[in-house]
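Survey of secondary and tertiary structure
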Amino acid sequence: MNAGKYIRDIWNGFTSLLKGMKRTGYYFTHHKEIITQQYPDNRNDLKLPERFKGEVVMPHNEKNEHRCTGCQACELACPNGSIKVIFKNELTPEGKKKKAIDKLVYHLELCTMCNLCVEACPSDAIKMAQTFEHSVFDRNKLTKILNKPESKIMDGVE
Amino acid sequence: MWSFSDIANNIHNWLSNQFNTTWTMIFEMLIAGVCVIGLFALLGLVLVIMERKVSAWMQIRLGPNRVGPKGMFQSLADTVKLMVKEGMTPWGADKTLFNLAPFIAMIVAMLLLAPIAFASNFQLWDINIGVLYVSAVSSLSVISILMAGWASNNKYSLLGAMRSGAQIVSYELSAGLSILAIIVLTGDLRFSTIIASQADGWWIFKGHIPVIIAFITFIIAVTAETNRAPFDMAEAESELTAGFHTEYSGMKFALFFLAEYVNVFIVCAIGATLFLGGPMPLHIGLWEGFNHAMDYIPSSVWFFGKTFFLIFLIMWFRWTFPRLRIDQLLRLEWKYLLPISMINLLLITAMAILKWHF
């Protein structure tokens, strides 16, 4: 080890430590950077990150219509079988039989929030909601049916 | 204006009017003992909450915020919890040594408090070998750690204690050499003389760059000596659970915990006394008005202000730097700190002989 390298080592170590101290010193003096949320206190005005994912939901419009065609893309995309699509046959006004979803069963207790079902859906029928207070006393309550009772597919979604 | 030395003198006069010399002595020793224990308890409470708040803010967290206003009574609640907890002694442990170790740690910390000047003319014991006494007694603290690690009969505890031994023995050297730098400049080991020599300016300003280097070495070495991160090899949570105090619980654990914080306070107080002038106010050259205004701030405020600044600095290190490996730790001491502080001591000696300092 030559003298130049020795002194350079000391200098580099010293400056890099000072750089680290500058960062923590900045955080120490800037309390607005604090990211901790005082959760039960600020329950009404929570600021969740944009990409936070709580559960899969199926949005319905005011006429109780959803966009799900029952194509099963989400069921196939799901890595651990959280989604099951159950079908029924519906009569169209012309009198033809048409396949439609009866129930879209979603197992929240199995879901890993990987978002693959939402990305697989060709008609944007499901999306991720930001609710997270899911604790229940009975595990069966975590098996949810995403389409509301009596709901129909929206016009124009095939 | 009141000061600590006035209060001490008043109590002394009142006691010597009431009793004869022996009883005055005994009462004064009792009062001093109670004050020291009170200071320890207070320091424990203040430093623990300070550490938790500082660490939280440095890591963009909030820290304790439930007990009292902004969580300020958290350490009080923790103390109550620790007092009511059971202090267990493991079956395989050496019972005498196991139960003795935390008290040794506390006694060493108490002994170290003796020569420290908390305000101008306010000292428990102004011995003529003050600095030597401090550096000699502070190296005793390793005995309590080794004792705890050995008596616990636990491999993690023993490993932590052995590491701590290696670490304290090595870092004593550079701490001693950097303290020696100030002694060379002052020419006396007595704390009151060292403080008096800084009346016209603190050594860190008067001694140019060599004293600043000595100060940096001192801070690094005492951080290692008090076993705090980035040198917390003795505890190393991720490797040794809690190192030498893995087996301790309840009040005996609390004593180790308290001893750590009191040791931090003491080394920072010594650093403040040697390098930053202790209870001396900040004086800048010929600025009469400024110097006069600074004199109005009580000396105890100066002392505690400087000490807490250094404590904050050590906490800042703890929550910024990653922990060193044991070989890196020893390399830092033997290959970098020791040669640098030796050359630095030579420079300071030359400076002191040639009177280059202010």
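Residues numbered from 1 in each chain as written. Chains lettered and ligands numbered in written order. Predicted model: local features only at pLDDT ≥ 70, side-chain atom pairs only at ≥ 80, totals over all residues. Heavy atoms only, no water.

**Focus: the confidence of the model for chain B**
The line we're drawing: The score called pLDDT rates the predictor's confidence residue by residue, from a low of 0 to a high of 100. Helix numbering and strand numbering both begin at the N terminus, where a helix is a DSSP run of H or I of at least 4 residues and a strand a DSSP run of E of at least 2.
A residue-level look at chain B finds 98% of positions with pLDDT of 70 or above and a mean pLDDT of 83. Taking the mean pLDDT of every element in chain B, the minimum, 73, falls on helix 11 (residues 237-240) of chain B and the maximum, 88, on helix 14 (residues 299-318) of chain B.

**Notes on the pairing of strand 3 (residues 83-91) of chain A**
Residues and elements named next belong to chain A. Operational definition: Two strands form a pair only when DSSP identifies at least two bridges running between them.
Sheet topology note: the strand 3/strand 4 (residues 97-107) ladder contains nine bridges and is antiparallel. Bridge pairing in strand 4 links E90 to K98. Where strand 3 hands over to strand 4, the hairpin turn is made up of five residues, of which G95 adopts a positive phi near 90°.

**What to know about the interface of chain A and chain B**
Spelled out, the test is: Any two residues whose heavy atoms approach within 4.5 Å at even a single point are treated as in contact. We define buried area as the total accessible area lost by two parts upon association, computed with a 1.4 Å probe and summed across both. The working definition used for a salt bridge is a side-chain nitrogen of Lys or Arg within 4 Å of a carboxyl oxygen of Asp or Glu. Identification of polar contacts relies on pairs of N or O atoms within 3.5 Å, with a donor-acceptor requirement for protein atoms, meaning one able to donate a hydrogen and the other able to accept it, and with residues adjacent in sequence counted only if both atoms are side-chain atoms. The residue classification treats Ala, Val, Leu, Ile, Met, Phe, Trp, Tyr, Cys and Pro as nonpolar and Asp, Glu, Lys and Arg as charged. All others, Gly included, are polar.
At the interface, 19 residues of chain A touch 20 residues of chain B. A buried area of about 1800 Å², summed over both sides, lies between chain A and chain B, and 73% of it is on carbon and sulfur atoms. Seen at the junction of chain A and chain B, the total is one salt bridge. We note a salt bridge from D41 of chain A to R66 of chain B, for which the minimum N-O separation is 3.3 Å. At the junction of chain A with chain B, the criterion picks out six residue pairs in polar contact (both at pLDDT 80 or more). In terms of residue class, the side of chain A that touches chain B is made up of ten nonpolar, six polar and three charged.

**With respect to the pairing of strand 4 of chain A**
Where strand 4 of chain A and strand 6 (residues 143-145) of chain A come together, three bridges link them in antiparallel fashion. Within strand 6 of chain A, the position partnered with Y106 of chain A by the bridge is K144 of chain A.

**Things to note about the pattern of salt bridges**
Our working definition: Buried, partly exposed and exposed residues are distinguished by accessible area as a fraction of the type maximum, computed with a 1.4 Å probe on protein chains only: under 20%, between the cut-offs, and over 50%, respectively.
This model, assessed by the stated rule, comprises eleven salt bridges over all chains. Measuring nitrogen to oxygen at the nearest pair gives 3.1 Å for the salt bridge that ties K144 of chain A to E55 of chain A. You can see K144 of chain A sitting in strand 6 and its partner E55 of chain A sitting in strand 1 (residues 55-57), a full 89 residues away along the chain. According to the relative accessible area criterion, E55 of chain A is buried, its value standing at 10%. Residues D78 of chain B and R52 of chain B are paired through a salt bridge, measuring 3.2 Å at the closest nitrogen-oxygen approach. Of this pair, D78 of chain B sits in helix 3 (residues 74-84) while R52 of chain B sits in helix 2 (residues 21-58), and the two are 26 residues apart along the sequence. A relative accessible area of 23% places D78 of chain B in the partly exposed class. Through salt bridges with shared partners, one network takes in E51, R228, E260 and R318 of chain B.

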